Amino acid sequence: MDAVYISGPRENVEDFAKRELSLKQFDYNPINPIVFNEHMIKSKRMNLSTETLMKADLIALLECRGISFLEGSENSDISNLERKIAEVCGIPTVKLQMF
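Conventions used here
Residues numbered from 1 in each chain as written. Predicted model: local features only at pLDDT ≥ 70, side-chain atom pairs only at ≥ 80, totals over all residues. Heavy atoms only, no water. Helix = DSSP H or I, 4+ residues; strand = E, 2+ residues; numbered from the N terminus. Buried < 20%, exposed > 50% of the residue type's maximum accessible area, 1.4 Å probe, protein only. Contact = heavy atoms within 4.5 Å. Areas by Shrake-Rupley, 256 points an atom, 1.4 Å probe, with all protein chains shown as cover. Lys, Arg positive; Asp, Glu negative; His and termini not counted. Charge placed at Lys NZ, Arg CZ, Asp CG, Glu CD. Pairing = 2+ DSSP bridges. Salt bridge = Lys/Arg side-chain N within 4 Å of Asp/Glu carboxyl O. Expected span 1.5 Å × (residues − 1). Arc of directions from axis to C-beta. Axes fitted to C-alpha atoms, helices over the stretch in contact; angles between N-to-C directions. Left-handed = near helix turned anticlockwise from the far one by under 90°. Nonpolar A, V, L, I, M, F, W, Y, C, P; charged D, E, K, R; others polar.

## Looking at the overall build of the chain
A tally of regular secondary structure across the chain gives four helices and three strands. Of the regular secondary structure in the chain, the N- to C-terminal order runs β-α-β-α-α-β-α. Seen along its three principal axes, the alpha-carbon backbone of the chain occupies a region of about 40 × 25 × 25 Å. Looking at the 99 residues of the chain, the share that counts as buried comes to 40%. Taking contacts inside the chain between residues at least 6 apart in sequence as the whole, the part at least 24 apart equals 70%. With an accessible surface of roughly 6,500 Å², the chain has 52% of that area assigned to carbon and sulfur atoms. Side chains of the chain give 12 positive and 15 negative charges; the mean places of these two sets differ by 4 Å.

This is how it looks when you write it as structure tokens:
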């Protein structure tokens, strides 16, 4: 089961959850940065800086075998950074074929 990082505008929390479920239906192991960051904050029991969370997200992306972009990701600075890193590192885009 390949890990696939979900990228998109961070304000669309529900879209991340929906994509996570869709990826699971196709036997992928989705990495949802929203959930990932929540777990980091809870485990540290403190507020972590945006920079610290972003670094952790990028490390998670680099460990994935694919990346899946949400609608509107092209308008997100964070998603555009993640897209560029994925391209440079040879991480392919995963597009779901919904039937």
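## A few points about the pairing of strand β3 (residues 66-69)
Side chains Gly66 and Ser68 project from β3 onto one buried face, and the interleaved Ile67 and Phe69 project onto a second face that is buried too. Where strand β1 (residues 3-7) and β3 come together, four bridges link them in parallel fashion. Counted as the bridge partner of Ile6 is Ser68 from β3.

## Quick notes on unusual backbone geometry
In the Ramachandran plot, Asp27 falls in the positive-phi region, its phi being about 65° despite a non-glycine side chain. On the secondary structure map, Asp27 appears in the loop between α1 (13-25) and β2 (29-31). Looking at Asp27, the relative accessible area reads 56%, which means it is exposed.

## Digging into the pattern of salt bridges
A side chain with one charge may pair with a side chain of the opposite charge, provided their charged atoms come close. Per the counting criterion, the structure on display carries four salt bridges. Across the salt bridge formed by Glu82 and Arg10, the nearest N and O atoms sit 2.8 Å from each other. Of the two residues, Glu82 sits in helix α4 (residues 77-88) while Arg10 sits in the loop between β1 and α1, which places them 72 residues apart along the sequence. Of the two residues, Glu82 and Arg10, both sit in the buried class.

## A look at α1
Along its 13 residues, α1 runs 19 Å from first to last C-alpha, staying within 8% of the 18 Å computed at 1.5 Å per residue. Looking at α1, one finds that the buried residues are Phe16, Glu20, Ser22 and Leu23. Take α1 and look down its axis: the buried residues cluster within an arc of 165°, on one side only. Exposed and facing more than 90 degrees away from the buried side of α1 are Glu14, Lys18, Leu21 and Gln25.

## Topic: the packing of helix α3 (residues 50-62) against α4
The contact between α3 and α4 brings their axes to 11 Å, and the two run at 35°. At the point where α3 passes α4, the crossing takes the right-handed sense. In this structure, α3 contributes Met54, Leu58, Leu61 and Leu62 to the contact, and α4 contributes Ile78, Leu81, Glu82 and Ile85. For the contact of α3 with α4, a count of residues per class yields seven nonpolar, no polar and one charged.

## Remarks on the sheet that holds β1
Strand order in the open sheet formed by three strands is β2-β1-β3, with parallel pairing between adjacent strands. Every interior strand has two partners, whereas the edge strands, β2 and β3, have only one. In this sheet, adjacent strand axes meet at a mean angle of 35° when their direction is disregarded.

Nothing here speaks to function; it is geometry throughout.
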